[in-house]
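Given next are the chains, with one letter for each unit.
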2 protein chains.
Amino acid sequence: LDKHRAPLYERLIEHRSRRAASFHVPGHKNGATIPQPEGLQALMELDYTEITGLDDLHQPEGVIREAELLAAECYGADRTFFLVQGSTLGNLAMILSVCRPGDLILVDRFVHKSVLNGLMLAHARAVFLTPVWDPLTGYAAGIDMESFRETLHRYPEAKAVMLTRPNYFGYAADLSGIIDEAHRAGLAVLVDEAHGAHFGFHEAVPVPALSLGADAVVQSTHKMLSALTMGAMLHVQGGRIDAGSIARTIRMLQTSSPSYPIMATLDVARRLVHTHGRDLLEQGLAAVRRFVDAMGEMPWYVLPNTLQGSRDDDAARFVASAGQAGDEDLCSRGPNQTNPMARTRTGAVRDPFKQPVRDGTGTLTGYELQELLEQHGCMVEMADPQHVLLVFSPFSSSADSERIVQIFRHIAEQYQLDKKELVPTLTNNNILPLIPASIEPIQFSRHMMNPEEADEVPLALAAGEYSADMLIPYPPGIPFVYPGEQLTEELIHILKLMSGKGARFQGGMDSSLSKVRIVRRRLEAHERMT
Amino acid sequence: LDKHRAPLYERLIEHRSRRAASFHVPGHKNGATIPQPEGLQALMELDYTEITGLDDLHQPEGVIREAELLAAECYGADRTFFLVQGSTLGNLAMILSVCRPGDLILVDRFVHKSVLNGLMLAHARAVFLTPVWDPLTGYAAGIDMESFRETLHRYPEAKAVMLTRPNYFGYAADLSGIIDEAHRAGLAVLVDEAHGAHFGFHEAVPVPALSLGADAVVQSTHKMLSALTMGAMLHVQGGRIDAGSIARTIRMLQTSSPSYPIMATLDVARRLVHTHGRDLLEQGLAAVRRFVDAMGEMPWYVLPNTLQGSRDDDAARFVASAGQAGDEDLCSRGPNQTNPMARTRTGAVRDPFKQPVRDGTGTLTGYELQELLEQHGCMVEMADPQHVLLVFSPFSSSADSERIVQIFRHIAEQYQLDKKELVPTLTNNNILPLIPASIEPIQFSRHMMNPEEADEVPLALAAGEYSADMLIPYPPGIPFVYPGEQLTEELIHILKLMSGKGARFQGGMDSSLSKVRIVRRRLEAHERMT
């Protein structure tokens, strides 16, 4: 295996150079025959299909297999699957492979909605794990170890534990303690590491979950590396997960006409990080440092993930409570062959490529900051009531860092932030700690999504009712209300607060959430039907 | 609604012109910062995500909603959903929306594997319908009307009928009689029209299923029009299908990071066919005519779908047996506003853009023809034991037609086909009529794909056993063996025949099908677990 090669991409280029005539789909005939509008022409040129020589993602035996083998080597997996439907597909496939109807799985409370959709499709039962909170951002930042042990003891029939790492703000809990404990109890560990495709390639970023012993890990190669959107990988190692079962489940859910451009960019993104991993990340970290250093001159902005902050005491405390195992070396595997620094179980806790920023004076909400930044041409990843989240990547430029710092400076002057007092802690519209952790298993069912007797009511009148829908502020796409969950006064208050501050909602009647769909019958009615 | 606009594409171009800085995913930062390998740079430029102003496919309220409304108008639907995961997603979503576990659905025997995957995910029961055969190609070409009526009568509890149209060789049965009969019995009609996104825009191609009254229709816009691979649409009309339920099911299965380039090409492909429909198709038909006319000089090649053949007696007979309703006008809807010719229920039966070709002398198999054509730089869609299938599109060029005709001429000379006698009928390795139609309902289950006690045996020793896997020669990706289906001597003989002739198989142990996975327990064992 030659890591300098990108066999799938090279085959596409070679095929193009043959100037073969297309008597096959896609219809655009390599984009050559008709003028496409600007910007689309080039998109077509490598958009082939499963013709002779280009292998078949659903049964890879040629260049796609080679590309997947190289990816497995790069990431230290026993087997890597290319996905063209994002980490969404990876999460669905992991859960559907592990859970038969009624099987119990332990799950992070603050998972991506695709995990919940997987539970519904699988008709699985889930116990949601008690999180620990990151006081610097207010977000869930791992699993409470003590409570995890209790849960393992209480539910010996559990098949697996499904975890999310890092969280949306780049907090990557050291899961090694959790993973070891789960393995001792016979559980497989599945990790949604959608935002961690770059982990392990530089000592400033966290160690990947695969190096911590996870059995199956999904990563969005498009999110932090250079694949096209929808390009992702699912890595499997060890004997706890049946790779054949994963393969069959992926085949059920993935299109029979996968995009070659997406697959080719997976191949090329892997080659780039496989051959230039640390240097590549270093380049992007330079842009991050430029940003962090300049923002340091404006103390009214709080940056929880500053490079310094990633090693601060608070973070360390939370790592400890998330079950960190210590400093011992772990493995000879993982993506870190070229970088001995990262060949340990420890690494940064906060991903410096994720930079949440909040107005420490409490003058501007995250949504307001987002609007002001975007008015000046800096598009951000998301906002919550307090933060705006900037996502850097290995491909970020220092010029862009300077540009956004100037806007932050301009905003500070406009709102005279420098003349205001800093609010010492997070303001109390920090919603997450208000949501109680479930401890009883919830029986998921596909019909949660298709309740036949749902009624529409204004959100304000829904107190005490049970939500028919999953309500998901987006981004980050993490569900706040589950189907079948009771809409308490408290929850409605929080939802109205978010909506009033400009959050958009998926899953409900409309994105401003003026109305919700409720089921008057309890969840149990749905359970009986499965 | 201005059909000359492409609101989503225009917004992407507008966003690019703003030269905004990206502090969001995807990681490649608009492809601007690092040099990509040749051909990939341009792919990145419009690869945005759900940032402000670019709407959200999962809750469309802006430019994506506008683009979907225009598509609905173009195709005569009440609602159109953009899909970025191909017709595969459309088929899964239609079935999962309609079927609860145990619900009965009537299904074409020769459906795309995604339909069967949908049945498994839905835990539906299916009755497979007796097909009629097209004697010109040997493929299924519609549903036997008499047997359909009997099935409706026997299973009054059936919820829907799921049909495929056209078949892979471009035979588009006139389903109006079947649809009327199904509606009278209270069933919804779902149609996999993956290869028919261009239907209705020219009198030489078939009328679309939506115009024939189907309730939900999925079309691969990438297959016959100019969208990127994975771009498809799901159209819904009337009150028999709950569009809200379809929307929720799509949200469960579709990635939370849909590709903007794919969505933009859906928008642009719609604009092109919406504004220049007939002229666009006419352009491609010129290439088809050039091909058909030249091939007419070589009578040793048989072309079942010749432009003349599309109106021949054989075809008409099969249309009649498939329940054609006659010549009456149907509707003021459908994509045909600019083309009064096509505003009826009748149209061509065979899509001239699909051109199966076989060696009428029986000298060369379809696989051998494929190899010879591809050696000379003409890539084809697929081969079966007899045919090679050429797919033209509105974007095919007459130059390519001339090129492939020359190769056919060369092959004829090389094998002296002109000196051989024509075999009057299809040779008897025509496999499809050998497969009996099921008449008892089959309970599908997700665990068909994950049998825990599967054994591997050589194909030759599998007679009498039950297949653990779905065995799918690809292309066309239509299953020949279902999970839980008994591997008879006859079936094994056919599979070996296909494998020996070069067919590739998905779903099994390897693509040459030397081994198969079997379950010794009967299907019923799986049923009990659901």
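Scroll up to find the structure this text is about.
Throughout what follows, the structure given in this document is the object of discussion. Here the structure is a predicted model, which means the values were calculated and not measured.

**Details of the sheet that holds strand β14 (residues 382-383) of chain B**
All names here are of chain B.
Then, in step 1: If you walk across this open sheet you meet the four strands as β11-β12-β15-β14, and the pairing is antiparallel. The sheet terminates laterally at β11 (301-302) and β14, the two strands that pair on one side only.
Then, in step 2: In this structure, β14 lies alongside strand β15 (residues 387-391), joined through two bridges in antiparallel fashion. When the bridges of β15 are listed, M382 appears paired with L389.

**Concerning the relation of the copies chain A and chain B**
Then, in step 1: Overlaying chain A on chain B yields an RMSD of 0.0 Å, the required transformation being a rotation through 180° with an accompanying axial translation of 0.0 Å. Put plainly, the chains are arranged around a two-fold axis. Taking C-alpha positions as reference, the residue of chain A nearest the rotation axis is L43 of chain A, located at 2.6 Å.
Then, in step 2: Most of the interface of chain A is mirrored in chain B: 100% of its interface residues are interface residues there too.

**Side note on the interface of chain A and chain B**
Then, in step 1: Counting residues at the interface gives 117 residues for chain A and 117 residues for chain B.
Then, in step 2: Across the chain A/chain B interface, buried area totals approximately 9900 Å², and carbon plus sulfur atoms make up 55% of it.
Then, in step 3: Our count for the contact surface shared by chain A and chain B stands at zero salt bridges.
Then, in step 4: At the boundary of chain A with chain B, the tally comes to 33 residue pairs in polar contact (both at pLDDT 80 or more).
Then, in step 5: Top element by residues in the side of chain A that touches chain B is helix α10 (residues 260-295) of chain A. It accounts for seven residues.
Then, in step 6: Alignment of strand β13 (residues 378-380) of chain A against strand β1 (residues 21-23) of chain B, held across three bridges, turns out to be parallel. The residue of β1 of chain B that forms the bridge with M379 of chain A is S22 of chain B.

**Concerning helix α5 (residues 113-122) of chain B**
Residue and element names in this part refer to chain B.
Then, in step 1: In terms of burial, α5 is a largely internal element, 10 of the 10 residues being buried.
Then, in step 2: When we look at burial in α5, the residues that qualify are K113, S114, V115, L116, N117, G118, L119, M120, L121 and A122.
Then, in step 3: Looking one or two residues past α5, H123 carries a phi angle of roughly 55°, positive in sign.

**Side note on the pairing of strand β2 (residues 79-83) of chain A**
Residue and element names in this part refer to chain A.
Then, in step 1: Most of β2 is tucked away: four of the five residues are buried.
Then, in step 2: One ladder, built from five bridges, connects β2 with strand β10 (residues 232-236); its direction is antiparallel. Looking at β10, one finds that T80 is bridged to H235.

**Quick look at the environment of V218 of chain B**
All names here are of chain B.
Then, in step 1: By secondary structure assignment, the location of V218 is in strand β9 (residues 216-219).
Then, in step 2: The buried category is assigned to V218, whose relative accessible area is 0%.
Then, in step 3: Through-space distance from the C-alpha of V218 to that of R504 is 26 Å; in sequence the pair is 286 residues apart.
Then, in step 4: Not counting residues within four places of it along the chain, the set of residues in contact with V218 comprises L83, S87, G90, N91, M94, V191, D192, E193, A194, M233 and L234.

**Some details on the packing of helix α4 (residues 86-98) of chain A against helix α9 (residues 243-253) of chain A**
All names here are of chain A.
Then, in step 1: It is the contact of α4 with α9, at a shortest axis distance of 9 Å, that shows an interaxial angle of 125°. In terms of orientation, α4 and α9 fall into the oblique class. In the packing of α4 onto α9, the handedness of the crossing is right-handed. Where α4 abuts α9, its residues L89, L92, A93, M94, L96 and S97 lie against S245, I246, T249, I250 and L253.
Then, in step 2: For the contact of α4 with α9, a count of residues per class yields eight nonpolar, three polar and no charged.

**A few points about the sheet that holds strand β11 (residues 301-302) of chain A**
Residues and elements named next belong to chain A.
Then, in step 1: The strand order β11-β12-β15-β14 describes an open sheet built from four strands, whose pairing is antiparallel. For this open sheet the edge positions go to β11 and β14 (382-383), each flanked by a neighbour on one side alone.
Then, in step 2: Note: β11 against strand β12 (residues 354-359), two bridges, orientation antiparallel. The partner of V302 across the bridge, within β12, is R358.

**Some points on the pattern of salt bridges**
Then, in step 1: Taken as a whole, this structure holds 36 salt bridges over all chains when the rule is applied.
Then, in step 2: Among the salt bridges present, the one from D267 of chain A reaches R270 of chain A, with a minimum N-O distance of 3.4 Å. You can see D267 of chain A and its partner R270 of chain A sitting in helix α10, three residues apart, about one turn around the helix.
Then, in step 3: Given the relative accessible area of 0%, D267 of chain A is considered buried.
Then, in step 4: Judged by its relative accessible area of 1%, R270 of chain A falls in the buried class.
Then, in step 5: For K159 of chain B, the salt bridge is made with D103 of chain B, and the minimal N-O distance between the two is 2.8 Å. Taken together, the positions of K159 of chain B in the loop between α6 (145-154) and β7 (160-164) and D103 of chain B in the loop between α4 (86-98) and β3 (104-108) put the pair 56 residues apart, joining distant regions of the chain.
Then, in step 6: The exposure class assigned to D103 of chain B is buried, which follows from its relative accessible area of 14%.
Then, in step 7: What you see here is one network of salt bridges that share partners, running through E146, R149, E181 and R184 of chain A.

**Some words on unusual backbone geometry**
Then, in step 1: With an omega dihedral of 0°, the bond running from V25 of chain A to P26 of chain A counts as a cis peptide bond.
Then, in step 2: Position of P26 of chain A relative to the elements: it lies in the loop between β1 (21-23) and α2 (41-45).
Then, in step 3: Residue R19 of chain B is not a glycine yet carries a positive backbone phi of 50°.
Then, in step 4: Tracing the chain through its elements places R19 of chain B in the loop between α1 (7-17) and β1.
Then, in step 5: Residue classification places R19 of chain B among the exposed residues on the basis of a relative accessible area of 68%.
Then, in step 6: In the Ramachandran plot, Q416 of chain B falls in the positive-phi region, its phi being about 50° despite a non-glycine side chain.

**Describing the packing of aromatic side chains**
When we look at a pair of aromatic rings, we describe it by the centre distance and by the angle of the planes.
Then, in step 1: Counting across every chain of the model gives 12 aromatic pairs over all chains.
Then, in step 2: Seen from their ring centres, Y75 of chain A and F201 of chain A are 5.7 Å apart, and the 85° between their planes marks the pair as edge-to-face. Of this pair, Y75 of chain A sits in helix α3 (residues 63-75) while F201 of chain A is found in the loop between β8 (188-192) and β9 (216-219), placing the two residues 126 residues apart along the sequence.
Then, in step 3: Residues F291 of chain B and F408 of chain B carry aromatic rings whose centres are separated by 6.3 Å and whose planes lie at 55° to one another, so their mutual orientation is tilted. Within this pair, whereas F291 of chain B is found in helix α10 (residues 260-295), its partner F408 of chain B is found in helix α13 (residues 398-414), the two being separated by 117 residues in sequence.
Then, in step 4: On the accessibility criterion, F291 of chain B (0% relative accessible area) is buried.
Then, in step 5: Here the aromatic residues F23 of chain A together with F291, Y301, F392 and F408 of chain B are joined through ring pairs into a cluster of three or more.
Then, in step 6: Between K354 of chain A and the ring centre of Y168 of chain A, over which it is positioned, the NZ or CZ distance is 5.9 Å.

What counts, and where the lines are drawn
Residues numbered from 1 in each chain as written. Chains lettered and ligands numbered in written order. Predicted model: local features only at pLDDT ≥ 70, side-chain atom pairs only at ≥ 80, totals over all residues. Heavy atoms only, no water. Pairing = 2+ DSSP bridges. Helix = DSSP H or I, 4+ residues; strand = E, 2+ residues; numbered from the N terminus. Least-squares fit on C-alpha atoms with pLDDT ≥ 70 in both. Contact = heavy atoms within 4.5 Å. Buried area = accessible area lost by both parts, 1.4 Å probe. Salt bridge = Lys/Arg side-chain N within 4 Å of Asp/Glu carboxyl O. Polar contact = N/O pair within 3.5 Å; in protein donor to acceptor, adjacent residues only side chain to side chain. Buried < 20%, exposed > 50% of the residue type's maximum accessible area, 1.4 Å probe, protein only. Axes fitted to C-alpha atoms, helices over the stretch in contact; angles between N-to-C directions. Parallel < 35°, antiparallel > 145°, perpendicular 65-115°, else oblique. Left-handed = near helix turned anticlockwise from the far one by under 90°. Nonpolar A, V, L, I, M, F, W, Y, C, P; charged D, E, K, R; others polar. Phe/Tyr/Trp six-rings, centres within 6.5 Å; stacked < 30°, edge-to-face > 60°. Lys NZ or Arg CZ within 6 Å of the ring centre and 35° of its normal.

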